[in-house]
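Structural overview for review
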Amino acid sequence: MKAAIMGYGTIGSGVAEILRVNQDAIASRVKEPIELKYVLDLRDFPGDPEEGKFTKNVDDIVNDPEVSLVVETMGGVHPAYEFVRKNLEAGKSVTTSNKALVADKGAELVRIAKEHHANFMFEASVGGGIPIIRTLCTCLTGDVIEEITGILNGTTNYMLTDMSENGSDFDEVLRDAQAQGFAEKDPTADIEGYDASRKIAILTSLVSGKTVDYKDIPTEGITRIDSMDMRYAKKMGMTIKLLARMVKADGSYCCRVAPYLLNPDHPLFSVNGVFNAVFVKGNMLGDSMYYGSGAGKLPTASAVTADLVSMALNIDRDVTIGWSEEKLSISDPMNQENRYFVRARVGIGDISRSFPDAKIIDAGYDNETAFVTGKIREGAFKEIMNSLGEPVSVIRLA
């Protein structure tokens, strides 16, 4: 069985490596070998183990009837979308690790694959090496999923862990993450929460069967978290994590990406460094959690290769993914109830009048007052805070 890889960066080269190193194990599972025939990339890789397989023309792959399996690891929406679509329309099954592509075009590509008796798979687009998509689509189909809460971005989790453990400032830890290769040169998608927003949109789409537009999800990154927030968190025996959340509410789902304070008994409290984890609550199963490497060459390539094997085992057979192009109207996030940690430059009297059940947090710092509210609706909280003035910091409690 012949395969092609489009995009020979970190993940694409990792898939090629796995196909070489584990070729016998893969062949025994598929009942025949999977042979890499093409690698599409505009760059040259002299001396690479796959030298001789490189092409700069996607039509070499599209028009080759021997190739039935295609890997897309180019990144970005364009031209990845056009290349994936051409291959699906040619009846070739495609797997991708590209969350931007899946979040933007996933439902359409699922439909196109079905129309041409091929499969479109994307396990590695969420959670790297964690098999969360296959779990939701096959293992938990008897449950109504009531909540998904995940640490879905390794860069921000590494940064927040460092800030918590070492008292580092945001700018300092970002430079360190970039130096170690955990953060991109342009880290905007990670630190502003957009990467996690795309991933929770994909998971919510799969759970609901409709399309969630990640641009509709309220998204806050970690750029406003500072070392003082971390000191207050330690004072309360808590930690701060960037969470992507989906909760069943009002006949739909309420979604949000934001920093949250977690108690030690929260299942995601101890997920540190570049690791990812996804907490899932089903109405029958109850609570379950999935933990592992959320990024990196071989963990992500492992998930891509697992899709390759699944596609090879299902040639000429649809693997059902219930994801339509109909847009889902997500619930109004202003109706969601939360508790809030607030740092503000107001007196205790003003706080007590505005939030009668507030608990003052005394960490010995001057010029501001910190407190934790009781449960209150998001919209009502914002109205009260507008009357008190701009807060120094606001972090929700999970």
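Placed above this text is the structure.
The structure reproduced in this document is the subject of the present report.

**A word on the sheet that holds strand β1 (residues 2–6)**
On the basis of which strands lie adjacent, the open sheet formed by 6 strands has the order β3-β2-β1-β4-β5-β6 and parallel pairing. Of all the strands in the sheet, just β3 (54–55) and β6 (120–121) have a single pairing partner and so form its edges. Judged from the 4 bridges that link them, strand β4 (residues 67–72) and strand β5 (residues 93–96) form a sheet pairing that is parallel. Bridging across to β5, Val71 finds its partner in Thr95.

**Brief notes about the packing of helix α6 (residues 132–139) against helix α10 (residues 194–208)**
As a packed pair, α6 and α10 sit with axes 10 Å apart at the nearest point and diverge in direction by 10 degrees. Considering the angle they form, α6 stands roughly parallel to α10. Every residue of α10 that contacts α6 at Ile132, Ile133, Leu136 and Cys137 is listed here: Ile202, Leu203, Leu206 and Val207.

**What to know about the packing of aromatic side chains**
For the structure shown, the criterion picks out 12 aromatic pairs. Centroid distance Tyr232 to Phe341: 5.5 Å. Interplanar angle 55 degrees. Geometry classified as tilted. Remark: Phe341 occurs in strand β12 (residues 337–344) and Tyr232 occurs in helix α11 (residues 227–235); sequence separation between them is 109 residues. For the pair shown, Tyr232 and Phe341 are each scored as buried. Centroid distance Phe355 to Phe371: 5.5 Å. Interplanar angle 40 degrees. Geometry classified as tilted. Of the two residues, Phe355 is situated in the loop between α13 (348–354) and β13 (359–361) and Phe371 in strand β14 (residues 369–372); the sequence distance between them amounts to 16 residues. Using a relative accessible area of 0% as the deciding quantity, one classes Phe371 as buried. Taken together, Tyr340, Phe355, Phe371 and Phe381 form an aromatic cluster joined through their ring pairs. A cation over an aromatic ring shows up here: Lys105 above the ring of Tyr81, its NZ or CZ 4.8 Å from the ring centre. The cationic tip of Arg245 hangs over the ring face of Tyr260; the distance from NZ or CZ to the ring centre is 5.3 Å.

**Notes on the pairing of strand β8 (residues 239–249)**
Within β8, 8 of the 11 residues are buried, which leaves it mostly tucked inside the rest of the structure. Judged from the 4 bridges that link them, strand β7 (residues 145–151) and β8 form a sheet pairing that is antiparallel. Across the sheet, the residue bridging to Ile148 is Met246, located in β8. Two elements, β8 and strand β9 (residues 252–262), share 11 bridges in a ladder whose sense is antiparallel. Residue pairing across strands places Ala249 opposite Ser252, the latter belonging to β9. The loop that links β8 with its antiparallel partner β9 comprises 2 residues; one of these, Asp250, has a positive phi angle of about 55 degrees.

Rules used throughout
- Residues numbered from 1 in each chain as written.
- Predicted model: local features only at pLDDT ≥ 70, side-chain atom pairs only at ≥ 80, totals over all residues.
- Heavy atoms only, no water.
- Pairing = 2+ DSSP bridges.
- Helix = DSSP H or I, 4+ residues; strand = E, 2+ residues; numbered from the N terminus.
- Axes fitted to C-alpha atoms, helices over the stretch in contact; angles between N-to-C directions.
- Parallel < 35°, antiparallel > 145°, perpendicular 65-115°, else oblique.
- Contact = heavy atoms within 4.5 Å.
- Phe/Tyr/Trp six-rings, centres within 6.5 Å; stacked < 30°, edge-to-face > 60°.
- Buried < 20%, exposed > 50% of the residue type's maximum accessible area, 1.4 Å probe, protein only.
- Lys NZ or Arg CZ within 6 Å of the ring centre and 35° of its normal.

These values are about where atoms sit, not about what they do.
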